[in-house]
Amino acid sequence: MTRFTIAAAQYPIEALADWDAYVTKLTGWVERAGAGGAALAVFPEYGAMELASLDPATMGDLQGSIATVSALLPQVDALHRELAARHGLHILAASAPFQRADGRFVNRARLFAPNGKVGVQDKLIMTRFEREAWGIHGGAPLRLFETTLGKIGITICYDSEFPLLARALVEAGMELLLVPSCTEAALGYWRVRLGAQARALEGQCYAVHSPTVGQADWSPAVDSNRGAAAIYGPPDRGFPDDGVVALGEMDAAQWVFAEVDLARVADLRADGGVLNARHWAEQPGAQALPAVELVDLR
């Protein structure tokens, strides 16, 4: 399959009355993505932090919130696995803190395939607030996921602002880059948006941006959320002049849908108006790239 529809979430952070409220919310979002014809539904970075509201004793405490959400991940992942199978969708779940065996927390995204397989990508480069306040650590390795839709890479929020990560994925064959984000101000949103668009330009590929939105004053972690979801491509033949395939309304809770055709990626890399992907190595000082681990979700 080279042509399919993607749904990118502008996902609102909300206080949840109980676990059933979360199940109802997530199920409704996935159902709407499926009803819109999506084969891939993309949720944002740290969207799972709303689950901290399920424990009133810790929801107002940053470290308590992180621990609460991490402990709930087995239930969260079981729900996503079931929804992916039920609706025949690939789902990038909202990223969440995950506590490793060494006790450290990482920021982990999980990609669920309809066949039950799951791939995980940890954020590699931490922002200042993750390093200095949250105590979240960078994870590894960088992974490329082979799926029935195509070869998918994930750079979580800040990671999208560093070109060598996406470039390593391009060298490994990536056709579609997923960029989940969580930004508290418009300037943060624009940093990630410009990063996503630059990665689409450099790699001559699609980039899908999914942000959190809304106010959650009860949360010390994700109290303010700004952004607009989008699907970007390179400004070249067969794409919009500005590379914006689809773009949501700023700060609205919604799905943004777009049809993509990964055959266009191969076409442009072979014979585009420019050949950014091929000419990368001609830059003076081009650096060695990070290693990429291939994960088969087919």
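Residues numbered from 1 in each chain as written. Predicted model: local features only at pLDDT ≥ 70, side-chain atom pairs only at ≥ 80, totals over all residues. Heavy atoms only, no water.

1. Here's the deal with the nonpolar core
Thought 1: Ile 6, Leu 40, Leu 176, Leu 178 and Ile 231 are the most contacted members of the largest nonpolar core, which totals 52 residues.
Thought 2: In this structure, Leu 176 is in contact with Phe 4, Ile 6, Leu 40, Lys 151, Ile 152, Gly 153, Tyr 206 and Val 208, ignoring residues within four places of it in sequence. (Core = buried A, V, L, I, M, F, W, Y, C linked by side-chain atoms within 4.5 Å. Buried < 20%, exposed > 50% of the residue type's maximum accessible area, 1.4 Å probe, protein only. Contact = heavy atoms within 4.5 Å.)

2. Considering the packing of aromatic side chains
Thought 1: Going through the model one piece at a time under the given rule, you end up with 11 aromatic pairs.
Thought 2: A ring pair is formed by Tyr 46 and Trp 134, whose centres lie 4.6 Å apart and whose planes are at 45°; its orientation type is tilted. Taken together, the residues span a long stretch of sequence, with Tyr 46 in the loop between strand S2 (38-42) and helix H2 (62-87) and Trp 134 in helix H3 (residues 128-134) at a distance of 88 residues.
Thought 3: Note on Trp 134: relative accessible area 4%, which makes it buried.
Thought 4: Within the aromatic cluster, the residues linked to one another by ring pairs are Tyr 11, Trp 29, Phe 43 and Trp 255.
Thought 5: Taking the ring centre of Phe 239 as reference, the NZ or CZ of Arg 264 above it sits at 5.8 Å. (Phe/Tyr/Trp six-rings, centres within 6.5 Å; stacked < 30°, edge-to-face > 60°. Helix = DSSP H or I, 4+ residues; strand = E, 2+ residues; numbered from the N terminus. Lys NZ or Arg CZ within 6 Å of the ring centre and 35° of its normal.)

3. Details of the packing of helix H4 (residues 163-171) against helix H5 (residues 186-203)
When two helices pack together, their arrangement is given by the angle between the helix axes and the distance between those axes.
Thought 1: Running from N to C, H4 and H5 point in directions that differ by 40°, and their axes come no closer than 10 Å. By the angle class used here, H4 and H5 are oblique. The element H4 and its partner H5 pack so that their crossing is right-handed. Only Arg 199, Glu 202 and Gly 203 of H5 make contact with H4, whose side of the interface consists of Pro 163, Ala 166, Arg 167 and Val 170. (Axes fitted to C-alpha atoms, helices over the stretch in contact; angles between N-to-C directions. Parallel < 35°, antiparallel > 145°, perpendicular 65-115°, else oblique. Left-handed = near helix turned anticlockwise from the far one by under 90°.)

4. Some remarks on H5
Thought 1: Taking 1.5 Å as the rise per residue, H5 with 18 residues should run 26 Å; its terminal C-alpha atoms sit 25 Å apart, in good agreement.
Thought 2: Of all the residues in H5, the buried ones are Gly 188, Tyr 189, Val 192, Arg 193, Gly 195, Ala 196, Gln 197, Arg 199, Ala 200 and Gly 203.
Thought 3: Looking at the residues trailing H5, positive phi occurs at Gln 204, about 50°. (Expected span 1.5 Å × (residues − 1).)

5. Considering the pattern of salt bridges
Thought 1: The final tally for this structure, using the stated rule, is 18 salt bridges.
Thought 2: The partner of Glu 146 in a salt bridge is Arg 298, with the nearest N and O atoms 3.6 Å apart. Within this pair, whereas Glu 146 is found in strand S7 (residues 142-146), its partner Arg 298 is found in the segment after strand S15 (292-296), the two being separated by 152 residues in sequence.
Thought 3: Judged by relative accessible area, which is 47%, Arg 298 ranks as partly exposed.
Thought 4: Here Arg 298 makes a salt bridge to Asp 296, at a shortest N to O gap of 2.9 Å.
Thought 5: Residues joined in a network through salt bridges with shared partners are Arg 3, Glu 259 and Asp 261. (Salt bridge = Lys/Arg side-chain N within 4 Å of Asp/Glu carboxyl O.)

6. Some thoughts on the side chain of His 90
Thought 1: Mapped onto the fold, His 90 is located in strand S3 (residues 90-99).
Thought 2: Accessibility expressed as a relative area gives 3% for His 90, which makes it buried.
Thought 3: Excluding residues within four positions of it along the chain, His 90 makes contact with Ala 39, Leu 40, Ala 41, Phe 112, Ala 113, Pro 114, Thr 147, Thr 148 and Leu 149.

7. Notes on the environment of Asp 61
Thought 1: Of note, Asp 61 is situated in the loop between S2 and H2.
Thought 2: Among the polar contacts listed, one links the side chain of Asp 61 to the backbone nitrogen of Gly 64, at a separation of 2.5 Å. (Polar contact = N/O pair within 3.5 Å; in protein donor to acceptor, adjacent residues only side chain to side chain.)

8. Brief notes about the side chain of Asp 77
Thought 1: Within the element layout of this structure, Asp 77 appears in helix H2.
Thought 2: Using a relative accessible area of 16% as the deciding quantity, one classes Asp 77 as buried.
Thought 3: Among all residues touching Asp 77, those that are not within four sequence positions of it are Arg 110 and Phe 112.

9. Description of the packing of helix H1 (residues 19-35) against H2
Thought 1: In the contact formed by H1 and H2, the axes pass within 11 Å of each other and the chain directions differ by 30°. Judged by the inter-axis angle, H1 sits roughly parallel to H2. In the packing of H1 onto H2, the handedness of the crossing is right-handed. From H1, Trp 19, Tyr 22, Val 23, Leu 26, Thr 27, Val 30 and Glu 31 reach across to H2, where they touch Gln 75, Val 76, Leu 79, His 80, Leu 83, Arg 86 and His 87.

10. Regarding the pairing of strand S10 (residues 206-215)
Thought 1: Taken across its 10 residues, S10 has 8 buried, putting it largely inside the fold.
Thought 2: The pairing of strand S9 (residues 176-181) with S10 spans 6 bridges and is parallel. The residue bridging Leu 176 from the neighbouring strand is Tyr 206, located in S10.
Thought 3: Each parallel crossover has a hand, and for S9 linked through H5 to S10 it is right-handed.
Thought 4: As defined by bridge partners, S10 adjoins strand S12 (residues 230-232) across 3 bridges and the pair is classed as antiparallel. If you follow Ala 207 over to S12, its bridge partner there is Tyr 232.
Thought 5: Here 2 bridges tie S10 to strand S11 (residues 224-225), and the two strands are oriented antiparallel to one another. Bridged to Gly 214 within S11 is Asn 225. (Pairing = 2+ DSSP bridges. Right-handed = clockwise from strand over helix to strand, strands pointing away.)

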